[in-house]
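# Reading the structure
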Amino acid sequence: MTNEILAVEGLARHFAPHVSVIDRLFGTKPTENRAVDGVDLVLHKGETLGLVGESGSGKSTLARAIVGLHPPTAGVIRYDGEVLPAKRTRAQQRAIQMVFQDPYSSLNPRMTVGQMLAELLRFHKLVPRDKVRERSRELMHLVGLPERALGQRPRQFSGGQRQRVGIARALALEPTVLLADEPVSALDVSVQATIINLFADLKDTLDLSVIFVSHNMAVVRQICDRTAVMYRGRIVETGSTGTLFDDPVHPYTRLLTGSVPRLVGSEGPVRAEVEAEDDRGDVRQEVAASAARDGTTPCRFADRCPSVVAECAVEPPLLPDPRDPARLAACVHVPRLAEVVGADAEPGPT
Amino acid sequence: MRYLVYILKRLVALIPVLIGISLIVFFLIRLIPGDPAATLLGSHATPETVHELRTQLGLTQPVWRQYLTFLGHLLHGNLGYSYVYSSSVVDLITTSLPVTIWLLVSGTVFTLLIAVPLAVLAAARRNGVADNVIRAVPVIGLGLPSFWLGIILILIFGLKLHWFPVAGYGNSLPEHLRGIVLPGITVALALSPILIRSLRASMIEVLSSDYIVTAHSKGISTSRVVLGHALRNAAVSSVTVLGVNIAYLTGTTLVVERVFSLPGIGQQMINSILGRDFPTVQGITLTFAIMVVIVNLLTDLTHAALDPRVKLS
Amino acid sequence: ACGSSSDTTSAKKKGGNLVIVRAQDSVNMDKTTVFSNASLWVYQQMYETLVAMTDDGQGVKPWLAESYQMSADNLSCTFKLRSGVKFHNGQPVTSADVKFSIDESSKTKGGWEFINSAIKEVKTPDPLTVVITTKYPWAPLLADLSCPNNGIIPKDYAGKSSKDFYQAPVGTGPFMWGTWQKGSALTLKKNPSYWQPGKPAVDTVTWKVVPDTNARALQLQGGQAQINEAPPFSSISQVKNTPNLKVDLFPSTRTDYILMNQTKKPYDDVHVRRAISYAIDRQALVKNILFGSGSVANSFMMPSAPYYDKNSPGLQYDMAKAKQEMAQSSVPQGFTTTYLAQSGDAMDASIAQILQASLKQLGITMKIQNVDPSAQHDLTTKLQYEISHSYWTMDLADPDELVQYALDPKSGGHSFNTGMNDPDLIALVHKAQREFDKTKRQELYNQIQEKAAATAFLGFLFYTPFPYTQSDKVKGFKVLPTGYYHLEDVSL
Amino acid sequence: MSTAITTVDPTAPLVDTGGRRRGRRNVTLMVGLGLFGLIVLCALCAPLLTGQDPIKQDLNSAFQGPGAAGHLLGTDELGRDVLARLLYGARVDLRVGVLAVISPFVIGSLVGLVAGWFGGWVDAIIGRIVDIVIAFPFLVLVIALVFAMGPGTTSIYTAITLVGWVAYCRIVRGQVLVAKEQEYAMAAKASGLPTWRILLRHLLPNVILQAIIFSMSDIVLTLLAIVTLGYLGLGVPPPTPDWGSMIQEGQQFILTKWYMSTIPGLAIVITGLALALIADGIVEKANQ
Amino acid sequence: MTPPLLEVRDLHVEIPMPYGRLHAVRGVSLTVDTAESVGLVGESGSGKSLTLRALLGLLPRPARIVSGAILIDGEDVTGMPPKRLKRRLTDTMSMVFQDSLTALNPVMRVGDQIAEAPLRRLGASRSEARAIAVDLMNEVGIADPERRYRLYPHELSGGMRQRICIAIALSTKPRLILADEPTTALDVTIQAQVLGVLDRLRQEENVGLLLVSHDLAVVGQTCSRLYVMYAGKVVETGDLVDLVTAPRHPYTFSLLRSVPDPDRRVARLLSIQGQPPDLAETITGCSFAPRCPFAEDACREWDAELLPAGPARQSACRRIDTAERWTAMVSQEATR
Ligand SMILES: Nc1ncnc2c1ncn2[C@@H]1O[C@H](COP(=O)(O)OP(=O)(O)OP(=O)(O)O)[C@@H](O)[C@H]1O
Ligand SMILES: Nc1ncnc2c1ncn2[C@@H]1O[C@H](COP(=O)(O)OP(=O)(O)OP(=O)(O)O)[C@@H](O)[C@H]1O
Ligand SMILES: [Mg+2]
Ligand SMILES: [Mg+2]
Ligand code: NI
């Protein structure tokens, strides 16, 4: 596609815990943590892509790999059509910026906002030296902070204000792609709304492409054009936000959207109290057994999936939904969806 | 089993450290000015006799040869022969080491006896009078040198009150027990201020944590909460502090042994340095280093025993 | 402490365990090579000599030899051994043992062999007779034979190697080998069949190593020890006032000096040395360092040694003269020098600081460099120092050992490490060695003392007694001017 | 409701609403700084506070107890004024104490910073060296080093530096390991800043606090180590007045003239207390 | 009529600080009936946690109750001697905290933590206490409780841990559980499970629930009645559905409009301007007035108190009458 600004192909990032020489002598093998394990993802120009998934599914790791904080174990990241090298040029580094989750730890407590911004502006030579202050003031306006904020240190701000500072810092480098790693989840509800609004505004005024990581489904629904669902290091479903929420294809997506608490209108607490009180234990065992026999990797959701079948012994790739090719899901049931269009075979949310 | 494998691993990991230590010890000692042969022979020695003795002691060989010989002997558990006493260094150390270990153990016990109650009290009465007193007074132990404290303790408890012997180590277990009290307290007075501070800080932190509130909400008694929940958690972080400082203060035994005339390796070491008794100094320094390593190992094991989150690896 | 003291009171007359606290441990029991006093004073309780020093330190008296006779040509001496004396292992003492003991010491290099350098031969005409011949007439012979290196041990080390023998030595003395915990305590046991009937009185003697001065004092006060070998002078007045303790100041041969290295400028200049010697306020030193328990030195020899001249004109404190000498010297404006001090030695530190203050008045800037005892010894014997402090104690009842060491560079000591080399004086020294006539010999030594004083090769400081503090239960403890003591006379 | 004996601190940081909260007094820090300032002032103004020369001997008036005419704290064994020695000694000791802590502080912190940040083999090698040095009891190694180099202040500095840096290295390394996972460090990295800048400008100021706090007690320990070296005869050479040699000289007379070693001992205790208070104050301030 | 299980009257909590006294809870009154589930919502710092902890006598160090009464079964327990009071309170209520990792003693086996109260308070023997603990673990839906009894907190997942916390809360056989944001740290799927457990306990065991959260949806899913807090005060209360569909206080109204809806995309979220008031200062008039788009001068003067606002509803707004007009005004503003 021509308007894609960022593409991730087969990206993997594994963490191998450091095993000392002595331990190796004693036969301890490092156990790899496959935080990100083969992710394909495309970000279009001007688009906001939501990334949701449970805690530990690798969202942050993926985001950090894209910004260049973690060298990938495998796969490539393509920016504007070009593969990003291991050592990025300054311009490339600048183009992809990140807003961090925790407004309390993401700012250096010993620097004022002004120093923080000036350092970046000077180092990347974004504006002439004498214009640094002016540009800093502009950035403050942009994120809705008073100019006097430049003289303050992080601890003198509220959570929402800090998050604005964090955004200003990312924007100071004039990026084209912005990764937001759960930028609102540490914030109070009322403050959360202002930051979400700010994101919406900035995206429009600055023509940014945004990857918005969150575990809050409601927030993603509010601001993302498209959404990708991540499960244990892989994308299991992508599609435009509305359809994905209203008609989830992957069983995990279904579980996710179904678990979101709703203010009124839902019929009390959600069902799944004790997980997998299940009648599909036999199938699961069969899946595990056949996977072990054939040396295949089973679908990573198989051990929780209410609709697990024997074919799940082989992990499916992202398959296009026959009803809507813009939607992809990594589930063996996807090709069959054509037959059941309209009739929801599995129990799903309303 | 978990512990055994762990200990084994630690021992293997020790090898490079020990080699490093032996290198330092060996070359450091040889940097000290003064010729052991001349020292041994005294004022009437002639250059020829000195040279003869040097050859006999192997001091005329190049230093690296001497080191290799030393290492070779070391592998056989042989630390060489004392120049001064003409007896094996291993023998010298094995007779005096128990005294030093005994002193360290009793010092640690007294430290715990002093520090734990005071720290708990200070943390419970945070910022109160008791807290401030407990924080300020032990600094005396930190600021006054051990040889001063030791003498004062002897004056008071040995000479005035006759509670404990003035010095010495005795020849039987009851005598050892009585004899080690004052030296142990002297070590403890230097060690406990540090432990009090650390334990108090972690107690305060622990007491303000959520699980203490949870414990309170169960309605169990306050003392049970403090002793059963808070202290153990506070101990987790303080054990390391204690370990590091025991290791650090192993050096104090040098002085304490001297003041209380305990026949430990600390005193032995000073004498050997003064007498340029290279093999003995080497052996003792090595012993000290191994003791520190063992203290560290014990610290880690205790830490692991206290804190289930710690994985032994 | 009460417990132990009540134990000892019950055994007042006989028996008991004597504990002596001291700063340093013995090193080795090898009488032929070991110089350290801490070892000497211990092994002297085990090995005895043919003759022993008299209590006043001026001569010798028969000991293992019942009698002795000098030949007319002064080249040999005949000794009759006491009969019935046995070694600790039960073996009787014969002239062969004596010959072996003396020959062993003459033979062993790097030790006391210089003491025996005049001895030509030891002959054993019969089991109880020993004849010792000398290469030349040698006045100090008898004194030499009382020296601990000539202690009598069994022939051929009683069948052992010398090394094994000295691990658990055997002699004739009042005490036998016990146990030795190195660095901490050495214990000797009573010899039950000692040749002097009724002696020794105590069952065991233990020398306990207590390096800390205060700890030693406290152990004495606490009753854990009965004798303190080296109490500081500062504590003496206090101990005098402590009930149950007593103080003894035994006349000693210890003399302290300021060493000046003549091989370094400007100490080669006699005026400089004299100026410094004049500038030392010895009276103040005695008062502040010895706390009054000593006397000002006027010679490099000491009053308790034979042939000391009390009229010898050693230079005394006189600032005016000091300045005068300085003005005549090669460095009238003064100079900068470094004093080599022994670290951890309080007395040395005080001497250094007082000297420093005095020399300042002469325009001499003196820096103090602390080194540990071993290094100090090393540096002074190698003449790699400028100015320092040292002392001497006699080993035998004859001045020759000291005089030769102090004035004859060929004796191996660089003239007391000063680098002094005065042919006239050296000639006098050798003459005195061969002079058997007491008055003539005195004459010679007077001359030597006078001449030596004039060169100011050493700054004579003071004569100190041996201070000993004891529990008042200790009876009969006496120290000879050389520092030796006879523990067979001691009871508790 | 006195049964509520829980002690829970407010965990949520407060929004700073102006100068009021910032101006909050930190009594501990102020008392500590005040006390320390006083000691420094005494040291600086020594000539004003006493007319006596600290090295001037008066052999005729030695051993005067505190309160003697003209000598407020008495005289020592050479008749020198104890007060003067104490005041001038403060100069020596503060200088030695501080200097002997600065170089291990700087070296240790930098090495720790590098080890913590880079990890891998750099960390492994530094870690081994640290292990080796730490395996020696502090005093044992310092004594051996001072012996090797010969007594004197330079040797003391060098020995303490050679041994002392590991403590700082360990502290800082530990802090860096935590800090480098903090998002501000990642943010700095993500904005493409060079490593040295991230280390010095962003990490160092945030990890150095623990090292500073430790250095406060380290100064006391160092003073004490120097005193002990003096006891073993390896300390500051005479006649320089220093508390360590005063204690050491006084300790020969501890049984008769107890005050001679106790007075300088108390000076160390008070300095220790001041530094401990400062350390506490810094902690308090950081937690504010 | 039987008195409510728990009634709180005009509770005031203050925290002495170096710069003055923080008046964190400013007159909260609420009731909870047996087997009822009541929600307490409000933004961060509004005093929810302090209120809850005050009820159990577990206020953090310098904080203390300055006035107010706590009634259990209609009996005022406030004046009781401390020991009895602690006993009475902990007999009736227990608490579940937000962060299950920090709320559990890291060095104690989870089973022992559950068994502690039976062992130390109810006089059970060691084996009885153990059996009770295993039962409780079963009850909160922990599979294989025998094995998990011996695990340490860090060896369990977040959802499991929160269940353990609930089991601990149940171990004192309380009639009311005070839950302070029990699911905030959990994933949505796990959150749903934990909320399910709490709800089942209420229905099957008649354990009442006072649930604190800043997330309206969580409360909405679990509770039948709500209290909305702002700056230390309850500003509105009423039946859940009523309150959510027709808020009678502008703060509640804004709160509802600022949360995104997972089922629907709104044009723009409403963000409340300004900051909550400084609790260290005295507040006159309606505390929300400075941020309220509908405030008038009188709002800043009146003695803000809860006024009746329909059946079983109260609101601390003087201008409830204008409520219908809010929607219109706000949507106008949002589209601008
Ligand atoms: N630096 C690291 N070293 C080792 N393991 C890591 C590291 N960073 C993350 N991991 C592991 O990778 C996995 C994915 O973590 P990640 O932070 O990407 O998840 P997440 O989806 O962002 O979760 P959350 O919603 O909790 O933020 C986790 O198991 C985590 O423990
Ligand atoms: N221990 C304490 N010391 C000082 N202030 C405190 C303390 N605990 C709470 N506060 C303050 O009291 C006020 C109310 O706090 P509380 O914890 O009850 O709020 P909350 O509604 O539970 O907020 P959150 O949703 O963030 O948990 C806040 O301003 C808070 O800063
Ligand atoms: Mg994350
Ligand atoms: Mg709260
Ligand atoms: Ni007694």
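Residues numbered from 1 in each chain as written. Chains lettered and ligands numbered in written order. Predicted model: local features only at pLDDT ≥ 70, side-chain atom pairs only at ≥ 80, totals over all residues. Heavy atoms only, no water.

### Things to note about the overall build of chain A
Our working definition: Only DSSP runs of H or I covering at least 4 residues are called helices, and only runs of E covering at least 2 are called strands; the numbering of each starts at the N terminus. All radius of gyration figures rest on C-alpha atoms, and the globule criterion is 2.2 Å times the number of residues raised to 0.38. The classification of residues rests on relative accessible area computed with a 1.4 Å probe and restricted to protein chains. Under 20% of the type maximum is buried, over 50% is exposed, and intermediate values are partly exposed. What makes two residues a contact is simply this: any of their non-hydrogen atoms within 4.5 Å. Surface accessibility in these figures is a Shrake-Rupley result with a 1.4 Å probe; residues are shielded only by whichever protein chains are displayed. Asp and Glu are treated as the negative residues and Lys and Arg as the positive ones, with His and the ends of the chain left uncounted. In plain terms, the charge of a residue is placed at NZ if it is Lys, CZ if Arg, CG if Asp and CD if Glu.
The secondary structure content of chain A amounts to 11 helices and 12 strands. Here the C-alpha atoms of chain A give a radius of gyration of 22 Å, agreeing with the 20 Å that 2.2 N^0.38 yields for 350 residues. Overall size of chain A, expressed as C-alpha extent along the three principal axes, is 70 × 60 × 40 Å. For chain A, the residues scored as buried account for 55% of the 350 residues in total. Within chain A, residue pairs in contact and separated by at least 24 positions form 66% of the contacts whose partners lie at least 6 positions apart. Accessible area of chain A: about 14900 Å², with a carbon and sulfur share of 52%. Positive and negative side-chain charges of chain A, numbering 42 and 44 respectively, have mean locations separated by a distance of 10 Å.

### Some points on the interface of chain C and chain B
Think of interface size as the accessible area that goes away when the parts come together; that is how it is often given. To keep things clear, this is the line we draw: Two parts lose some accessible area (1.4 Å probe) when they are put together, and adding that loss for both gives the buried area. When a carboxyl oxygen of Asp or Glu lies within 4 Å of a side-chain nitrogen of Lys or Arg, that pair is called a salt bridge.
Across the boundary between the two partners, chain C contributes 36 residues, which contact 34 residues of chain B. Carbon and sulfur atoms make up 58% of the surface buried where chain C meets chain B, a total of about 3000 Å² over both sides. Per-residue buried area on chain C facing chain B is highest for Lys 182, Pro 211 and Leu 218 of chain C; these three make up 19% of the total on that side. Where chain C touches chain B, the interface holds 0 salt bridges.

### Observations regarding the domain arrangement of chain B
Residues and elements named next belong to chain B. Note the following rule: Source of the domain bounds: an automatic or database domain assignment.
What the domain assignment reports for chain B is domain 1 (1-80) and domain 2 (90-306). Each of domain 1 and domain 2 has a C-alpha centre, and the two are 31 Å apart. Contacts between the two partners involve 22 residues from domain 1, matched on the other side by 21 residues from domain 2. Across the domain 1 to domain 2 interface the summed buried area is about 2000 Å²; carbon plus sulfur atoms make up 76%.

### Focus on the interface of chain D and chain B
Using the following cut-off: Polar contact is defined as a pair of N or O atoms within 3.5 Å, subject to the rule that within protein one atom must be able to donate a hydrogen and the other to accept it, and that residues adjacent in sequence are counted only when both atoms are side-chain atoms. Gly counts as polar in this scheme, as do all residues outside two lists: the nonpolar Ala, Val, Leu, Ile, Met, Phe, Trp, Tyr, Cys and Pro, and the charged Asp, Glu, Lys and Arg.
Across the boundary between the two partners, chain D contributes 44 residues, which contact 49 residues of chain B. Carbon and sulfur atoms make up 77% of the surface buried where chain D meets chain B, a total of about 4100 Å² over both sides. It is Phe 136, Phe 147 and Tyr 231 of chain D in chain D that bury the most area against chain B; as a group they hold 14% of the surface buried on that side. At the surface where chain D touches chain B, the tally comes to 0 residue pairs in polar contact (both at pLDDT 80 or more). For the side of chain D that touches chain B, the secondary structure elements donating two or more residues are α5 (120-135), α6 (138-149), α9 (195-231), α10 (243-251) and α11 (259-287) of chain D. Considering each element in turn, the side of chain D that touches chain B owes the most residues, 10 residues, to α11 of chain D. Partitioning the side of chain D that touches chain B into residue classes produces 30 nonpolar, 8 polar and 6 charged.

### Observations concerning unusual backbone geometry
Residues and elements named next belong to chain C. The omega angle of the peptide bond from Lys 199 to Pro 200 is -10 degrees, so this bond is cis rather than trans. Position of Pro 200 relative to the elements: it lies in the loop between β9 (185-190) and β10 (204-209). Between Lys 265 and the following residue, Pro 266, the backbone shows a cis peptide bond with an omega angle of -5 degrees. Positive phi is not limited to glycine here, since Tyr 157 has a value of about 50 degrees.

### Points about the pattern of salt bridges
Inspection of every chain in the model, using the stated rule, returns 49 salt bridges over all chains. A salt bridge links Arg 22 of chain C to Glu 229 of chain C, with the nearest nitrogen and oxygen atoms 3.1 Å apart. Separated by 207 residues along the polypeptide, Arg 22 of chain C in strand β1 (residues 17-22) and Glu 229 of chain C in the loop between β11 (227-228) and α7 (236-240) bring together distant segments of the chain. Residues Arg 128 of chain D and Asp 131 of chain D are paired through a salt bridge, measuring 3.4 Å at the closest nitrogen-oxygen approach. Placement of both Arg 128 of chain D and Asp 131 of chain D in helix α5 is noted, with a separation of 3 residues, approximately one turn of the helix.

### Describing the arrangement of the chains
Between chains B and D lies the most contact-rich interface of the 8 pairs of chains that touch. Nothing in chain A touches chain C; the tightest C-alpha to C-alpha distance between them is still 40 Å. In this assembly chain C lies apart from chain E, the nearest approach of their C-alpha atoms being 47 Å.

### So, the sheet that holds strand β7 (residues 129-134) of chain C
Residue and element names in this part refer to chain C. To be explicit about the condition: For two strands to be treated as a pair, DSSP must find at least two bridges joining them. Helix axes are fitted to C-alpha atoms over the stretch in contact, other axes to C-alpha atoms as well, and angles between N-to-C directions run from 0 to 180 degrees.
Spatially, the 4 strands line up as an open sheet ordered β4-β5-β7-β6, and their pairing is antiparallel. Either end of the sheet is taken by a strand with one partner, and the two such strands are β4 (65-70) and β6 (119-126). Along the sheet, successive strands turn relative to each other by an average axial angle of 20 degrees, direction set aside. Where strand β5 (residues 76-81) and β7 come together, 5 bridges link them in antiparallel fashion. Bridged to Cys 77 within β7 is Ile 132. Against the sheet, helix α3 (residues 95-107) makes contact with β5, β6 and β7, and its axis sits at roughly 170 degrees relative to β6, the strand it touches most.

### Here we look at α9 of chain D
Residue and element names in this part refer to chain D. Applied cut-off: Take the number of residues in a helix, subtract one, and multiply by 1.5 Å to get its expected span. Here the bend at a residue is taken as the angle between two axes, fitted respectively to the seven residues that end there and the seven that start there.
With 37 residues, α9 ought to run about 54 Å at 1.5 Å a step, yet its terminal C-alpha atoms sit only 47 Å apart, falling short of that. At Leu 204, α9 is deflected by roughly 55 degrees, the largest bend along its length, and proline Pro 205 occurs up to four residues later in sequence. In terms of residue burial, α9 counts as a mostly covered element, since 26 of its 37 residues are buried.

### A closer look at the UniProt feature "transmembrane region" (unreviewed entry) in chain B
The cut-off we apply is this: UniProt positions are given in the numbering used here, feature names are shortened, and annotations may be inferred rather than shown by experiment.
In this structure's numbering, the residues bearing the UniProt feature "transmembrane region" (unreviewed entry) are residues 12-32, 101-124, 136-157, 177-196 and 278-298 of chain B. Across residues 12-32 of chain B, helical content stands at 95% and strand content at 0%; the span's end C-alpha atoms are separated by 31 Å.

### A closer look at empty space enclosed by the protein
To keep it simple, the criterion reads: Each cavity reported here is a set of points on a 1 Å grid over the protein atoms alone in which a 1.4 Å probe fits but cannot get out, each pocket an open set with protein on both sides within 12 Å along at least five of seven lines, and each lining residue one with an atom within 4 Å of a point. Grid points are joined across faces, edges and corners, and a volume is the space filled by probe spheres set on the points.
Going through the model one piece at a time under the given rule, you end up with 17 cavities of 30 Å³ or more. One number sums up the size of the largest cavity: a volume of about 260 Å³. Considering only residue class, the lining of the largest cavity consists of 10 nonpolar, 6 polar and 3 charged. In this structure, the second largest cavity spans a volume of roughly 220 Å³. Along the walls of the second largest cavity sit 15 residues, with Leu 249 and Thr 252 of chain B together with Leu 139, Leu 221 and Leu 224 of chain D positioned nearest its centre. Where the lining of the second largest cavity is concerned, the elements lending two or more residues are α9 (173-207), α11 (222-249) and α12 (252-259) of chain B together with α6 and α9 of chain D. No other element matches the 4 residues that α9 of chain D contributes to the lining of the second largest cavity. Residues that form the lining of the second largest cavity fall into these classes: 11 nonpolar, 4 polar and no charged.

### Some thoughts on the environment of Asp 58 of chain D
Within the element layout of this structure, Asp 58 of chain D appears in the loop between α3 (46-49) and α4 (82-118). Counting along the chain gives 109 residues from Asp 58 of chain D to Ala 167 of chain D, while the straight-line C-alpha distance between them is 44 Å.

### Topic: the packing of aromatic side chains
The cut-off we apply is this: Geometry of aromatic contacts follows a simple scheme: Phe, Tyr and Trp rings, the Trp one being its six-membered ring, pair when their centres are within 6.5 Å, and the pair is stacked under 30 degrees between planes, edge-to-face over 60, tilted otherwise.
Scanning the model with the defined rule gives 38 aromatic pairs over all chains in all. Residues Phe 26 of chain B and Phe 27 of chain B carry aromatic rings whose centres are separated by 5.3 Å and whose planes lie at 75 degrees to one another, so their mutual orientation is edge-to-face. On the numbers, 6.1 Å between centres and 40 degrees between planes, the contact of Tyr 68 of chain C with Phe 79 of chain C is tilted. Pair noted here: Tyr 68 of chain C is in strand β4 and Phe 79 of chain C is in strand β5, with a separation of 11 residues, a long-range link. Given the relative accessible area of 27%, Tyr 68 of chain C is considered partly exposed. You can call Phe 79 of chain C buried: its relative accessible area is 0%.

### Quick look at the site of ligand 1
Residue and element names in this part refer to chain A. The criterion, for reference: A single heavy atom is enough: if one lies within 4 Å of a molecule or strand, its residue is considered near that molecule or strand.
Ligand 1 sits among Phe 15, Asn 33, Ala 35, Glu 54, Ser 55, Gly 56, Ser 57, Gly 58, Lys 59, Ser 60, Thr 61 and Glu 182. One of the side-chain N or O atoms of Ser 55 is found 2.7 Å from an oxygen atom in ligand 1. Here an oxygen atom of ligand 1 and a side-chain polar atom of Ser 60 are 2.5 Å apart. Relative to its unbound accessible surface of 630 Å², ligand 1 loses 65% to contact with the protein. Every element with two or more residues in the shell around ligand 1 is listed here: β2 (33-44) and α2 (59-67). Considering each element in turn, the shell around ligand 1 owes the most residues, 3 residues, to α2.

### Here's the deal with the nonpolar core
To keep things clear, this is the line we draw: Each nonpolar core is a collection of buried residues, namely Ala, Val, Leu, Ile, Met, Phe, Trp, Tyr and Cys, held together in the definition by side-chain atoms within 4.5 Å.
Counting 220 residues, the largest nonpolar core has Ile 167 and Phe 212 of chain A, Ile 21 of chain B together with Ile 143 and Leu 203 of chain D as the members making the most contacts within it. The element contributing the most residues to this core is α9 of chain D, with 17 residues. Contacts of Phe 212 of chain A, omitting those with residues within four sequence positions, involve Thr 48, Leu 49, Gly 50, Leu 51, Ala 180, Pro 183, Val 184, Phe 199, Val 219, Ile 223 and Cys 224 of chain A. In terms of nonpolar packing, the next biggest core, distinct from the first, is built from 112 residues, Val 41, Ile 65, Ala 115 and Ile 190 of chain E among them.

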